Structure formats: C-alpha cells, structure tokens
Amino acid sequence: MAHHTNQCTALTPPCCQAAGPRRATVARARPLLCETHAVTDEQLIATTPNAEWLPTGSSAEVWAGAHCQVPDDCIIVRLLLIRGDRFFCVPTVKGLDLPTQPLGRDGERMTPGDGLTKLLRTTVGRDGATTHCVGYVRNVVPEPDAGYPHPVPYAHVPVFTVEGAAAPVVDGEWLTLDGARPDLDVRHWWPIVEAAFDRAG
C-alpha cells in the first residue's frame, strides 16, 4: 500500500461480526496461521473515509486483535517482530517499513501462507515458526477505476507476529514507538503496531 498522510479516525472498537472472513488453512510444514485459536478477537480500530490513495468513494479500515482470522483476498503480508519495547523495521526506498512480502496479482497471487513462508525465510532465516495474525488493513473499494489492480470490494494486508524468539538475519533497526512515531505513524499498519504494544502492557 502506498505511503500516505494519516487520516485515520479512532473508533470505539465494536465486536467482530460473526460472519467474518474465513481463516486461511496452511500445511503444517508452513507457518501456522491462527490454527490453534478457535476464537478470534479482531476489532475495527480505525477508518479513513474517502481514502485519497484509493479510487473515488473508497475507504480504508484497520482491524486489530491478539488472534485475528486471516482474511480472504490478501495482497501483501507483513511481519511484526517485537523485542521488549521495540519492533523491527527494514530500510526501503520509501523509508523504514515492516518486513513485507507482496503476494502478486490475479492468477499469479500467492496464498498468505506461501507469502509468509517466503517472508520468514528472508527475514529470520527459517520458515517453521508459529505465527498469528495481529491485524490487517482492509481496502473497501465499491467501484474500482482502471488503475486499481486489487480484488474488490475488499483487499487485505495482514500483519503477522512470531510466537517466541525470532532474530532477524537482515539489516534493519529496532525502534521504540515514541522514537518511530514522528516518521512512521503515517504508515497504514501503525495502529496495528500500537495495538500490539497496548495489549502487551
């Protein structure tokens, strides 16, 4: 998703609807995506009406929880590594970002599980870790334009965390929330990271 000026409006989190997105199913040889948690707890924590980086009339939602269902129609997966009061970011051409793996488009799109496997290999040097989804950004696009390449009406960017210790094998920086906020609170994933630290106390 494109870097943008943060226009998210905080909400009083409602309960997740019962008929939410289906949980992704992943083979045991790959990262476990919420398979051990029968109850999910994602809540809508922020929304951006008329999101300027999406087609006219579209909006963006941010959902977060300790153990979220992995939604359908994912286009990117991201990895949140936490060590104490810090989280890990990697350098990109647009500045520091969470480790990220695009899933491709249309018939060539990887599943979230395959994308996460590749992202784990690249970032922590192994792909057998147990992971769970701690939130996702949802594009809500009722009417796409010719330049919008993603599924409609919904496209998702889930954020996963690793259960247990995971040491990066790539260059990057461990950041505190306060230290990162001036530069990174415009990222779409920022409310998910804040929510993860809030839950950790």
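Structural data are supplied above this passage.
Residues numbered from 1 in each chain as written. Predicted model: local features only at pLDDT ≥ 70, side-chain atom pairs only at ≥ 80, totals over all residues. Heavy atoms only, no water.

## Remarks on the overall build of the protein
When you go through the protein residue by residue, the secondary structure sums to three helices and twelve strands. Split into buried and exposed, the 201 residues of the protein put 47% on the buried side. Restricting to contacts in the protein with at least 6 residues of sequence separation, those with at least 24 account for 74%. (Helix = DSSP H or I, 4+ residues; strand = E, 2+ residues; numbered from the N terminus. Buried < 20%, exposed > 50% of the residue type's maximum accessible area, 1.4 Å probe, protein only. Contact = heavy atoms within 4.5 Å.)

## Describing the side chain of Thr 123
Mapped onto the secondary structure, Thr 123 falls in helix H1 (residues 112-124). On the basis of relative accessible area, Thr 123 is assigned to the buried category, the value being 3%. Not counting the four nearest positions on each side in its chain, Thr 123 is found in contact with Leu 79, Leu 81, Pro 99, Ala 167, Pro 168, Val 169 and Val 170.

## Regarding the packing of aromatic side chains
Any pair of aromatic rings gets described here by the distance separating the centres and the angle formed by the planes. Here the structure, examined in full by the defined rule, presents six aromatic pairs. Relative to Trp 189, the ring of Phe 87 lies with its centre 6.2 Å away and its plane at 75°, an arrangement referred to as edge-to-face. With Phe 87 in strand S7 (residues 86-92) and Trp 189 in the loop between helix H2 (177-184) and helix H3 (190-200), this pair connects stretches of sequence that are 102 residues apart. Each member of the pair, Phe 87 together with Trp 189, is buried. Considering the side-chain rings of Phe 87 and Phe 197, the 6.2 Å spacing of their centres and the 65° angle between planes classify their relative orientation as edge-to-face. Of the two residues, Phe 87 sits in strand S7 while Phe 197 sits in helix H3, which places them 110 residues apart along the sequence. Using a relative accessible area of 13% as the deciding quantity, one classes Phe 197 as buried. Grouping aromatic residues by their ring pairs yields a cluster made of Phe 87, Trp 189, Trp 190 and Phe 197. One Lys or Arg, Arg 138, reaches over the ring of Tyr 154 and ends 4.8 Å from the middle of that ring. (Phe/Tyr/Trp six-rings, centres within 6.5 Å; stacked < 30°, edge-to-face > 60°. Lys NZ or Arg CZ within 6 Å of the ring centre and 35° of its normal.)

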